[in-house]
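Here's the letter readout for the chains.
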Amino acid sequence: MTHKVYNWQIGRDMEYKYPAARPKKQATWIFDTNKCIACQTCTLACKNAWTSGRGQETMFWNNVETKPWGFYPIGWDVRILEKLGPQRWDSDRYLGKTLFESVPYGEEMLGWMPDEEDWAHPNLGEDEVSSQIAEKAVFSMIHSSWMFYLQRICNHCTYPACLAACSRKVIYKRPEDGVVLLDQNRCRGYQECVRGCPYKKSMFRPDTRKSEKCIACYPAVDSGLQTQCNVTCIGRIRLFGFKSPWDRPRADNPMDYLIHEAKVALPLYPQFGLEPNVYYIPPIHVPTKFTRQMFGPGVDQAVERYRNAMDDERLVGLLMLFGATDRTLDSFKVAGDRATGHCAGYDADGREIVRVPITEPTILRNQYDEAFDVHRFSVT
Ligand code: SF4
Ligand code: SF4
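Residues numbered from 1 in each chain as written. Chains lettered and ligands numbered in written order. Predicted model: local features only at pLDDT ≥ 70, side-chain atom pairs only at ≥ 80, totals over all residues.

**Describing the overall build of the protein chain**
Looking only at helices and strands, one finds ten helices and 19 strands in the protein chain. Against the 2.2 N^0.38 benchmark of 21 Å for 380 residues, the protein chain shows a C-alpha radius of gyration of 22 Å, consistent with a compact globule. Summarising its shape, the C-alpha atoms of the protein chain cover approximately 75 × 60 × 45 Å along the three principal directions. Taking all 380 residues of the protein chain together, 43% fall into the buried category. A separation of at least 24 residues holds for 61% of the contacts in the protein chain among residues at least 6 apart in sequence. (Helix = DSSP H or I, 4+ residues; strand = E, 2+ residues; numbered from the N terminus. Rg over C-alpha atoms; globule rule 2.2 N^0.38 Å. Buried ≥ 20, exposed ≤ 12 C-beta atoms within 10 Å, placed from the backbone. Contact = placed C-beta atoms within 7 Å.)

**Here's the deal with the sheet that holds strand 14 (residues 278–281)**
Read from one edge to the other, the open sheet built from four strands follows the order 12-3-14-13, with strand pairing classed as mixed. Each edge of the sheet is formed by a strand with only one pairing partner; in this case those strands are strand 12 (238–243) and strand 13 (266–267). Pairing analysis gives six bridges linking strand 3 (residues 26–32) to strand 12, with the strands arranged antiparallel. Counted as the bridge partner of Thr28 is Gly241 from strand 12. Most of the contacts of helix 7 (residues 254–261) go to strand 12, to which it runs at about 95°, and overall it touches strand 3, strand 12 and strand 14. (Pairing = 2+ DSSP bridges. Axes fitted to C-alpha atoms, helices over the stretch in contact; angles between N-to-C directions.)

**Re the site of ligand 1**
The environment of ligand 1 is made up of 14 residues, and the closest members are Cys154, Cys157, Pro160, Cys162 and Cys197. Taken together, the residues that form the shell around ligand 1 break down as nine nonpolar, three polar and two charged. (Near = placed C-beta within 6 Å. Nonpolar A, V, L, I, M, F, W, Y, C, P; charged D, E, K, R; others polar.)

**Comments concerning the site of ligand 2**
Every one of the 13 residues lining ligand 2 counts as a neighbour, but Cys36, Cys39, Cys42, Cys233 and Gly235 are closest to it. When its residues are assigned to classes, the shell around ligand 2 shows nine nonpolar, four polar and no charged.

**Description of the environment of Val180**
Summarising the element assignment, Val180 is placed in strand 9 (residues 180–182). Separated by 26 residues in the primary sequence, Val180 and Cys154 place their C-alpha atoms 8.6 Å from one another. The residues touching Val180, leaving out its near neighbours within four places in the chain, are Cys154, His156, Cys157, Pro160, Leu163, Ile171 and Lys173.

**Some words on helix 8 (residues 288–295)**
An α-helical segment advances 3.6 residues per turn. Residues three or four places apart therefore align on the same side. Listed as buried for helix 8 are Thr291, Met294 and Phe295. Around the axis of helix 8, the buried residues are gathered within 75° of arc, so they sit on the same side. Taken together, the buried residues of helix 8 touch strand 13, strand 14 and helix 9 (299–307). One or two residues past the end of helix 8 sits Gly296, with phi positive at roughly 90°. (Arc of directions from axis to C-beta.)

**Section: the packing of helix 8 against helix 9**
Axes are the key here: two packed helices are described by the angle between their axes and the distance separating the axes. Helix 9 packs onto helix 8 with a crossing angle of 115° between their chain directions and a minimal axis gap of 9 Å. Between helix 8 and helix 9, the angle falls in the class roughly perpendicular. Residues Thr288, Thr291, Arg292 and Phe295 of helix 8 pack against Val299, Asp300 and Val303 of helix 9. Considering only residue class, the contact of helix 8 with helix 9 consists of three nonpolar, two polar and two charged. (Parallel < 35°, antiparallel > 145°, perpendicular 65-115°, else oblique.)

**Focus: the sheet that holds strand 15 (residues 331–335)**
On the basis of which strands lie adjacent, the open sheet formed by three strands has the order 15-16-17 and antiparallel pairing. Because the sheet does not close on itself, it has two edges, and the strands there are strand 15 and strand 17 (352–357). The mean angle between the axes of side-by-side strands here comes to 20°, regardless of whether they run parallel or antiparallel. Of the strand pairs in this sheet, strand 16 (residues 342–346) and strand 17 are connected by five bridges, and their pairing is antiparallel. Considered in strand 17, the bridge of Tyr346 is made with Glu352.

**Some words on the nonpolar core**
In terms of nonpolar packing, the biggest core is built from 93 residues, with Ile30, Leu258 and Ala265 touching the most fellow members. Looking at this core element by element, the count peaks at five residues for helix 3 (residues 161–165). Each residue touching Leu258, except ones within four places of it in the same chain, is listed here: Ile30, Val264, Ala265 and Leu318. (Core = buried A, V, L, I, M, F, W, Y, C linked by C-beta atoms within 7 Å.)

**Considerations on the pairing of strand 10 (residues 202–205)**
Pairing of strand 10 with strand 11 (residues 210–213), which is carried by four bridges, proceeds in the antiparallel orientation. Its bridge partner being in strand 11, Phe204 is matched across the sheet by Ser211. From the end of strand 10 to the start of strand 11, which pair antiparallel, there are four residues, and Arg209 there has a positive phi angle of about 55°.

Structure representation (structure tokens):
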């Protein structure tokens with residue numbers, strides 16, 4: 001039996017195994033793909049925190065892959081996209097079928113199971129560009145080849161496929177913040193969650209014969225902190241917070257503002273139907289023909305808005321708050337103009353916890369510093 005649920009990311013009702021049970025607030029991540037340098041600090045921070053044990057050698061709850069040729073596991077998205085068939089949109093409304101609406105007989109959703117080998121090459125395709133560069137070619141603007149980095153964790157989906165797939169009901173979504181967890185004590189390792197999750201973020205651990213997945217660093221989140229992959233991010237591309245329900249966004253909530261008002265942050269493969277809660281500011285240098293399939297029909301508008309972010313104090317001010325604090329922000333406020341103004345972030349009690357200038361000051365220093373008798377290589 002299935003239920004009709006509303007999925008705002010595809011602009012329509014769809015079928016899901018259980019009735020809608022939205023949390024009061026939803027744990028949400030926003031990643032700015034334009035700023036990532038693929039240093040993999042987030043990947044290692046997550047691995048050191050959660051998956052450094054035996055049997056977890058090729059398990060990366062956080063990975064960063066180079067699109068279009070990087071995949072972890074191999075072919076994770078192209079394989080399910082091909083199975084799903086045509087994915088047409090009419091403006092913001094998805095006309096094709098979701099994974100829950102294309103169910104093979106006897107299964108809960110359209111899925112597939114990776115082989116052991118598929119998980120063994122997390123860095124496949126790193127830094128490879130979209131097309132071959134001809135011999136003796138010279139670069140000119142606009143580049144004919146492109147690539148970008150895609151940061152991936154569990155999406156803590158509103159309609160999780162892993163949860164729907166599990167016949168033992170081992171996976172649950174916390175009502176207080178929408179974090180999706182897997183009860184290790186009750187898991188019997190059937191791996192239906194691995195088969196069902198189209199993002200392939202539920203993983204099997206061979207030595208314990210149980211499945212494991214990202215736990216949204218819940219001990220940190222419960223203490224008002226952002227997740228480990230966020231706070232260690234070198235590029236300051238990440239922001240974690242709580243999204244309001246889609247039909248009641250708050251203009252001063254950083255997540256609601258970027259997703260629902262500025263509309264610069266978009267879900268990954270919304271057509272799958274899971275309503276994922278990791279949102280991406282799409283790469284602005286990549287042909288939108290490619291990114292439209294990946295982030296949905298809002299890509300062109302998002303790219304345009306982001307390109308013109310410098311004309312919008314509110315947007316550029318909030319982008320400066322990414323990576324500025326390890327604490328979770330409940331609201332933000334921008335004051336002043338672009339040259340002299342600032343953006344401040346507040347906790348749930350309205351206390352200011354961080355303040356950053358909209359334009360970072362530039363300080364020029366002499367190459368030779370008489371006070372310390374040292375020569376500087378970097379003078380900015
Ligand atoms: S991304 Fe996959 S593992 Fe995570 S909640 Fe969604 S379906 Fe489950
Ligand atoms: S730490 Fe940040 S910049 Fe480095 S790979 Fe991860 S997301 Fe990208």
